[in-house]
Structures are given as structure tokens and as C-alpha cells.
Amino acid sequence: MEWMIYGANGYTGRLMVEEALRRGLRPVLAGRSREAIEPMAAQYGLPARVFGLDKPAAVEMGLRGIDLVLHCAGPFSKTSLPMVRGCLAVGAHYLDITGEIDVFAACHGLDAEAQQRGIVVLPGAGFDVVPTDCLAAILKLELPTAESLVLAFDAPGGPSPGTAKTAVEGLGKGGRARINGVMTKVPLAWKTRSFDKNGEARLAMTIPWGDVYTANISTGIPNIEVYMCVPPSTVAQLRRIRGLGPVLGFAPVQAFLKSQVGRKVRGPSEEKRKDAETWVWGEATDAAGRQVTAILKTPNGYTLTVLAALGIVAKLMAAQRPIGGFYTPSRLMGADYVLRLPGVKRVSGK
């Protein structure tokens, strides 16, 4: 099987390439910048392709002969749909590492076409949303009557430039929660609560994480909230700017904020990634008040993204071709997939 990492020159893309080589894999390196991709491919002795995503014919040409794409070039709100349509056209499986709700929804809308073409469409193959999606599925198995789900995580170490730019895009869209089965817009930092981390209470706020969309597909649970641990100052700041939502979404404001990210954010170093253990909490409750909980400890989010995504690549490269269609990680790989990844352990619950 010929497979491609698109956006190989980005922060996470480079981590993917390095780990793929350690596993003896030889992906095609691809992206929009010839000046970035071709020297990188020469350095690693890998094939290279250079093409943008603005013209469907160019995307299809760039994907000719490719059986699987691991798409790592954000912002996925702009890049995902052109790439997944290209994959549908040429018959290539599509994976990405997004955490954006609207991207999940758009990909889900292509389920019937993916089934017809016999290809897998699986956005969110990394930290967004493998550990939380699998934890949601585990809790549903333990409490089949669950009607509400709370997920949370504490991911120290700092963001990559792409993740930071995605967060900037989200400022203008507000928060999201799933309420009685319906995707519902809520204010930024809508709710706060604390989660216990080694006896320390960690403040967290609701965020529009991908599981608000995907966990409902994986579990059928109609009420879903996702929290991220943050300093109290972050909660206060977001609540102060709630009324600026439409202004924060204006193109000139977005361009300015993203330019600041480009100048200031470089992504966590290897040393920081090694030291930044991530915690993930899950809590499912049913109408009778019965509740199950679980806590996972995982490697840093970027390390987990690489491990999780390449594990899914390996699954799709196996001889038996899976049934085509839209998948969440737990629906393709099983609820226990996250527990099979190196460095992941369940420390609470069953």
C-alpha cells in the first residue's frame, strides 16, 4: 500500500515522519511548499509530492496511486474537505488529526459516499479524539443506560502553532455542548468544575472539543460536555470577551491573531513532550443516578497523536480491507484501542 503524509513539514507532520521511519515505514511526503517538502524528502530518502488543495484536479493528480492519506496540514476547517474529496475521487482512505467539530460534521456527511467508494474516512486520529473517544466508548460499555457524559483532560506542555491557530478560529464561534442529542452553541467557558489529579483539584472549563460531536456517534449518549484544565485567569479572560464573538471572527482580526501565533508559538520541545504527562477523565451517568468513572494517564498529546495515528495507519494497511464509511476511532479500532497504545494506562475505575 502506498500512503502519504500531507503536511509533512509541519510540527506534527515531522513527528509522524520520524516515527514512521523508526517503524520501517516509507510514506510519501507531501505538502504545499516545494521549498519545505523536497529538502525534507531528500534528507530522509523518501518520495515527495508537492500540490496545493485549492484545485480539485491538482489534488486528484497529487493523490494518484495513493491508497491512504494521513492529513496533517491545518487549519482543517480549510484543508480537510478538499483533501477528503480528493481521497473519495481516487479511492484512498482518509485520516486526519483534527479536533474541530465542524470538520467532523462535514466528514460525517460524506459517510454514504465513503461507503459506496469502499474507503474509510476517519478524522480525529490523534489526541483529538482517540483517548477521549475510546474512554467514552469504555464508559458506555460499563453503563449501557448512560444518558450524560463528561470528558476532561489536562494536557501540559503547550500547543503547536497549528493547534494555537485553531484555538484562535474557535474564539469567534463560541462554545458547544450536546444537549438532549442536539449540538448546541453555548458561551465561551460556559461551565467550570474541578477534577482530582493526585489529590489536587484542577480547574477546568467547557470547550468545543470534537467529542461533543463524535462521542454521540460512538455511544449514542445524548448529553455531552468536554472540559480542559486551565488557569483561573484563562476562564476570566474568556468570559470577559464573550460579547466580542462576532468581532473575533472577522477576517482581519483573525489574521492579526494568527500572525501573533506564528511569531510566538513554536510547539513543545522533545524534552517538554517527555515530561508532560496527560490526564484524561471520564464520567457517565444514567437517569437513575448510577455513575461510572475512569481516569487515563497518557503520554503528551503530540506523542499520543503520533502513536495513535500510526496505529490506525497500520490497521488500514493490513491485508483485510475494512468496510468503507465514516468512523470514529473507537468504532474502527475498538473501545480498548487507547489502552493498547504505549505509555497509556487506566488508573481509576474498573
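Our subject is the structure listed above.
Remember, predicted model here, so these are calculated numbers, not experimental data.

A. Spotlight on the overall build of the chain. Secondary structure summary: the chain contains 15 helices and 16 strands in total. When the 350 residues of the chain are sorted by exposure, 52% land in the buried category. The contacts in the chain between residues at least 6 apart in sequence include a share of 72% that link residues at least 24 apart.

B. Molecular detail of the pairing of strand β14 (residues 291–298). β14 sits mainly inside the fold: 6 of its 8 residues count as buried. In this structure, strand β13 (residues 278–285) lies alongside β14, joined through 8 bridges in antiparallel fashion. Opposite Gly282, over in β14, you have Ala294 as the bridge partner. The hairpin formed by β13 and β14 contains 5 residues between the paired strands, and Gly289 there has a positive phi angle of roughly 90°. In the sheet, β14 pairs with strand β16 (residues 345–348) via 3 bridges, with the strands oriented antiparallel. Following the sheet pairing, Lys297 is matched in β16 by Lys345.

C. Structural view of the packing of aromatic side chains. Under the criterion given, the structure shown has 8 aromatic pairs. With a centroid separation of 5.1 Å and 45° between ring planes, the pair formed by Tyr6 and Phe51 is classed as tilted. With Tyr6 in strand β1 (residues 3–6) and Phe51 in the loop between β3 (48–50) and α3 (56–62), this residue pair connects regions lying 45 residues apart in the sequence. The two residues Tyr6 and Phe51 agree in class, both being buried.

D. Fine view of the pattern of salt bridges. Under the criterion given, the structure shown has 11 salt bridges. One salt bridge in this structure joins Asp154 and Arg202, with 3.0 Å as the shortest N-O distance. Residue Asp154 is found in strand β7 (residues 148–154), and its partner Arg202 is found in strand β11 (residues 200–206); the two are separated by 48 residues along the sequence. Accessibility expressed as a relative area gives 4% for Asp154, which makes it buried. Between Arg290 and Asp286 there is a salt bridge, with its nearest N and O atoms 2.8 Å apart. Given the relative accessible area of 7%, Asp286 is considered buried. A single network of salt bridges, built from pairs that share partners, joins Glu19, Arg22 and Arg23.

E. Inspection of the packing of helix α1 (residues 11–22) against helix α14 (residues 301–317) at higher detail. Following both chains from N to C, one finds α1 and α14 inclined at 55°, their axes separated by 10 Å at the closest point. Relative to α14, the element α1 is oriented oblique. Along this stretch, α1 crosses α14, giving a crossing that reads as right-handed. Judged by residue contacts, Tyr11, Thr12, Leu15, Met16, Glu19 and Ala20 of α1 engage Tyr302, Thr305, Val306, Ala309 and Leu310 from α14. A class-by-class count of the residues in the contact of α1 with α14 yields 8 nonpolar, 2 polar and 1 charged.

F. Spatial organisation of helix α2 (residues 34–44). Of the positions making up α2, those classed as buried are Ile37, Met40 and Ala41. The arc enclosing the buried residues of α2, seen along the axis, measures out at 100°, which places them on a common side. The exposed set on the far side of α2, more than 90 degrees from its buried face, consists of Glu35, Ala42 and Gln43. Of the surrounding secondary structure, the elements contacted by the buried residues of α2 are α1, β2 (28–31) and β3. Two residues or fewer past α2, Gly45 is found with a positive phi of approximately 70°.

Basis of the calculations
- Residues numbered from 1 in each chain as written.
- Predicted model: local features only at pLDDT ≥ 70, side-chain atom pairs only at ≥ 80, totals over all residues.
- Heavy atoms only, no water.
- Helix = DSSP H or I, 4+ residues; strand = E, 2+ residues; numbered from the N terminus.
- Buried < 20%, exposed > 50% of the residue type's maximum accessible area, 1.4 Å probe, protein only.
- Contact = heavy atoms within 4.5 Å.
- Pairing = 2+ DSSP bridges.
- Phe/Tyr/Trp six-rings, centres within 6.5 Å; stacked < 30°, edge-to-face > 60°.
- Salt bridge = Lys/Arg side-chain N within 4 Å of Asp/Glu carboxyl O.
- Axes fitted to C-alpha atoms, helices over the stretch in contact; angles between N-to-C directions.
- Parallel < 35°, antiparallel > 145°, perpendicular 65-115°, else oblique.
- Left-handed = near helix turned anticlockwise from the far one by under 90°.
- Nonpolar A, V, L, I, M, F, W, Y, C, P; charged D, E, K, R; others polar.
- Arc of directions from axis to C-beta.

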